[in-house]
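Secondary and tertiary structure notes
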Amino acid sequence: MIAGPWRVQKNETDGTPKCASPLRWYQYPLAYQIRWAMRSRHPAAVGAAAVRGHLEGKAKLLSGTLPPIASTFSNDELNNSFPLDRGRRFRCEGGQRLVDEVLADIRVGEVRDRRRRASVEAQERASVETLLANLSAAALNVIDPWRFAAVGFNRNDYTRGDLSLPAMQRARDQLLSAGLAEGQRGFQRPDQFGDGRFGRTTRLRATDRLRQRFSEYGLGRGSLTRPPSQLIRLRKPQDADPMQPPEEVEASRAILAMVNERLASVNLGLAGGEQRLLASWEATTREDDQEEKDQRLRYSGDLSAASLYRSFSGNWSSGGRIYGGWWMSVSRRLRPAITIDGARVVELDYSALHPRILFNRTGLPLDFDPYVVPGYPEDEMRALGKRTFARLLNRRQTRSSRRLKIKAGKGDLASLPPGVSFAAYSEVLCRNLEPILPFMGRGIGVELQYQDSLLALSILERMEEAGVPVLPVHDSFIVPEQHENLLRDAMVSCYKGLFGFLPSISRKIAHSRPGGGTPSGTITKTVKRKRAPDD
């Protein structure tokens, strides 16, 4: 008899092991079989558990215990997915009617002795609406309308917020059984080469039948929104209550709500044809910013994403940057092709924002380019200087007495002239930034993001008071060309109000082909307008 280790107990008299039940190993629940088999490496157990698991799963599928879900998708298809956006909802009446229809189908045949509580009803509606809104956004994607939504069904993911795991499971099962969704069920398995686990979340996308429903209910890009309750997020809370943001953070909710209403009232597009431009969609994200990666993955090609939100990391004074707009996933080369109500736009951005803030903290102006190292070519190596500065800023050094030192990143050595080491280059860069070296190695990058988020909010509020739509991209802002001077004045005034110095602002210019229009190979030119520091 082979007994699983989780069932072995000891005799009360002599302490010798005894089996708690007469069950053989293959009579235990399947999850325990697999877990023990992979740990014990017992060949008979491994083979039998795998075969029995396959047969049991097939039997459940044929008996109708599990809803039908396709298993013919390739890994490439399933990996072409985006993480579920838990804050998405419908703003139109058609979307609400679709939610009512799915909820009614879910409740058919339910036998309940008592009515649901109002909170449970609200959670169920929010869960169904969120799932449908994400499937609708995927179907509207202009790059690939057949992307999957990656939906997690881990109980730990539903401990906070207004979504319910049982409601999400019922919505998934209903959509699958009704032929409105297709995809691949998620899985998690023990890692046979170690003690960890590997797996993949459930993948879902709308079938042709559900896409027809979207069309019948008149759902389009303007049908999706983000309610006020979803405008503030706290990722991985550590020493802060995610349900009770401080007063300043709570005040920004109202600002974002007004800006989102403004953006919903205008027509955002791309000149020159969306398909041709978006075929070469690019995104520039920093390797050390997980939110930037999620932003690119979630909103690339999704022109229905025009509702902004703030995202904090760990606590309410770290991060806080603004996300949620599809234009943030567009590369700088393509941003000049954006149109607002058909009008051409201009993009103004703060030059070297984080180094400037640090210099201003020390009471000094910044009158040189901090990313350019003396003695090295400016055009070819400015990008390397910017990457190296960001890594120095975000690095957290445990011992302050140690010398500040970082290793070359991917592609850094190829950017250096022949015979120059990365250590020698970074040493010259640090020497050039000596006044702000005490800030390096302390991991204050997220603190500076909080500062630039306050700056962005003050600019958005100023432009909203003037009735001008503005598209923020962290330290840059996009407005119709006729409002360039108004935006510039707001950027100068807000920066001086927060940091006491005048900023340096760059303007991005789009060059078009003769005959009008913006080609897919748009080139942008940066024109810097330096301002003297305060006396």
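Higher on the page you've got the structure.
Let me sum up the structure you'll find in this document.

1. Examining the environment of Ser265
Among the secondary structure elements, Ser265 is positioned in the loop between helix 8 (247-264) and strand 12 (268-270). The exposure class of Ser265 is exposed, given its relative accessible area of 54%. Sequence spacing of Ser265 and Pro469 is 204 residues, and the spatial spacing of their C-alpha atoms is 9.2 Å. At 2.6 Å, the side chain of Ser265 forms a polar contact with the backbone oxygen of Arg262.

2. Some words on the pairing of strand 5 (residues 148-151)
The alternating pattern of strand 5 places Phe148 and Ala150 on one face and Ala149 and Val151 on the opposite face, and all of these are buried. Direction of pairing for strand 3 (residues 81-83) relative to strand 5: parallel, over a ladder of three bridges. Counterpart to Phe82 in the pairing with strand 5 is Ala149. Pairing of strand 5 with strand 9 (residues 202-206) involves three bridges; the strand directions are antiparallel. Residue pairing in the sheet places Val151 in a bridge with Thr202 of strand 9.

3. Considering the sheet that holds strand 9
Taken together, four strands build an open sheet; the order of strands is 3-5-9-6 and the sheet is mixed. One side of each edge strand has no neighbouring strand; the edge strands of this open sheet are strand 3 and strand 6 (181-184). Put simply, the sheet's adjacent strands are angled 35 degrees from each other on average, direction ignored. Across the sheet, helix 6 (residues 165-177) touches strand 5, strand 6 and strand 9, and the angle it forms with strand 6 is around 110 degrees.

4. Quick look at the nonpolar core
Judged by nonpolar contacts, the single largest core of 78 residues is most densely connected at Trp326, Trp327, Tyr350 and Ile459. Dropping the residues within four chain positions of it, Trp327 is found in contact with Leu263, Leu268, Ala305, Ala306, Leu308, Arg335, Ile338, Leu471, Pro472 and Val473. Of all hydrophobic cores here, the second largest spans 37 residues; its members include Val102, Ala133, Met168 and Phe214.

So, how was this worked out
Residues numbered from 1 in each chain as written. Predicted model: local features only at pLDDT ≥ 70, side-chain atom pairs only at ≥ 80, totals over all residues. Heavy atoms only, no water. Helix = DSSP H or I, 4+ residues; strand = E, 2+ residues; numbered from the N terminus. Buried < 20%, exposed > 50% of the residue type's maximum accessible area, 1.4 Å probe, protein only. Polar contact = N/O pair within 3.5 Å; in protein donor to acceptor, adjacent residues only side chain to side chain. Pairing = 2+ DSSP bridges. Axes fitted to C-alpha atoms, helices over the stretch in contact; angles between N-to-C directions. Contact = heavy atoms within 4.5 Å. Core = buried A, V, L, I, M, F, W, Y, C linked by side-chain atoms within 4.5 Å.

Honestly, it's all geometry; don't read function into it.
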